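Fold and geometry: a report
This is what each chain is made of:
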Amino acid sequence: MMFLFISGTEIVFILFIVVMVFGADKIPEIARGLGKGMRQLKDATNDVKAEIQRSAEKQGINTDEITGNITKEIDDIKKDIDDVTGSIKRRM
């Protein structure tokens, strides 16, 4: 199991250290606090995105067209990279 380049053994070790440092009774409280903080960050990010969208619409900027163009360029670059790395992978 790999999650963000951390193996299962490393996750178990980290959890063990957390239990030793904070105690089993504090873990749910810590998890709730982290969840609440992540939710606030997500809400703030969505608010900023909405404000940028409203501002762009006020200025008459078509963000759908810009996003589509950027997505197309990214897909083209990914395809080019896959073409190059594909030939390298086949040689190995």
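Because the structure is predicted, anything quoted here is derived from the model rather than measured. (Residues numbered from 1 in each chain as written. Predicted model: local features only at pLDDT ≥ 70, side-chain atom pairs only at ≥ 80, totals over all residues. Heavy atoms only, no water.)

On to the pattern of salt bridges, then. Applying the stated criterion to the full structure yields 4 salt bridges. Here Arg-39 and Asp-43 are joined by a salt bridge, their closest N and O atoms 3.7 Å apart. With Arg-39 and Asp-43 both in helix 2 (residues 27-58), this residue pair falls 4 residues apart, about one helical turn. When its relative accessible area of 35% is taken as the criterion, Asp-43 is described as partly exposed. Where Arg-54 meets Glu-51, a salt bridge forms, and the shortest distance between an N and an O atom there is 2.9 Å. (Salt bridge = Lys/Arg side-chain N within 4 Å of Asp/Glu carboxyl O. Helix = DSSP H or I, 4+ residues; strand = E, 2+ residues; numbered from the N terminus. Buried < 20%, exposed > 50% of the residue type's maximum accessible area, 1.4 Å probe, protein only.)

Another aspect to go through is helix 1 (residues 8-22). Each α-helix winds once per 3.6 residues, and so residues spaced three or four apart point in a common direction. Across its 15 residues, helix 1 extends 21 Å between first and last C-alpha, which sits within 8% of the 21 Å expected from 1.5 Å per residue. Immediately beyond the C-terminal end of helix 1, within one or two residues, lies Gly-23, with a positive phi of roughly 90 degrees. (Expected span 1.5 Å × (residues − 1).)

Another point: a nonpolar patch on the surface. On the surface, a cluster of nonpolar side chains totalling about 920 Å² of accessible area is made up of Phe-13, Ile-14, Phe-16, Ile-17, Met-20, Val-21, Phe-22, Ile-30 and Leu-34. At the level of elements, helix 1 and helix 2 are the ones that each hand at least two residues to the nonpolar patch. At 7 residues, helix 1 tops the list of elements feeding residues into the nonpolar patch. Take Phe-16: it is sitting in helix 1. (Patch = residues over 30% accessible without salt bridge, like charges linked within 9 Å, V, L, I, M, F, W, Y side chains within 5 Å. Areas by Shrake-Rupley, 256 points an atom, 1.4 Å probe, with all protein chains shown as cover.)

Here we come to the confidence of the model for the protein. Model confidence for the protein is summarised by a mean pLDDT of 86, while 89% of its residues fall at 70 or above. Helix 2 holds the highest mean pLDDT among the elements of the protein, 92, whereas strand 1 (residues 2-3) holds the lowest, 50. (pLDDT = per-residue confidence, 0-100.)

Let's shift gears to helix 2. Taking 1.5 Å per residue, 32 residues should reach 46 Å; helix 2 reaches 46 Å between its end C-alpha atoms and fits that length. Just beyond helix 2, the residue with positive phi is Gly-60, at close to 80 degrees.

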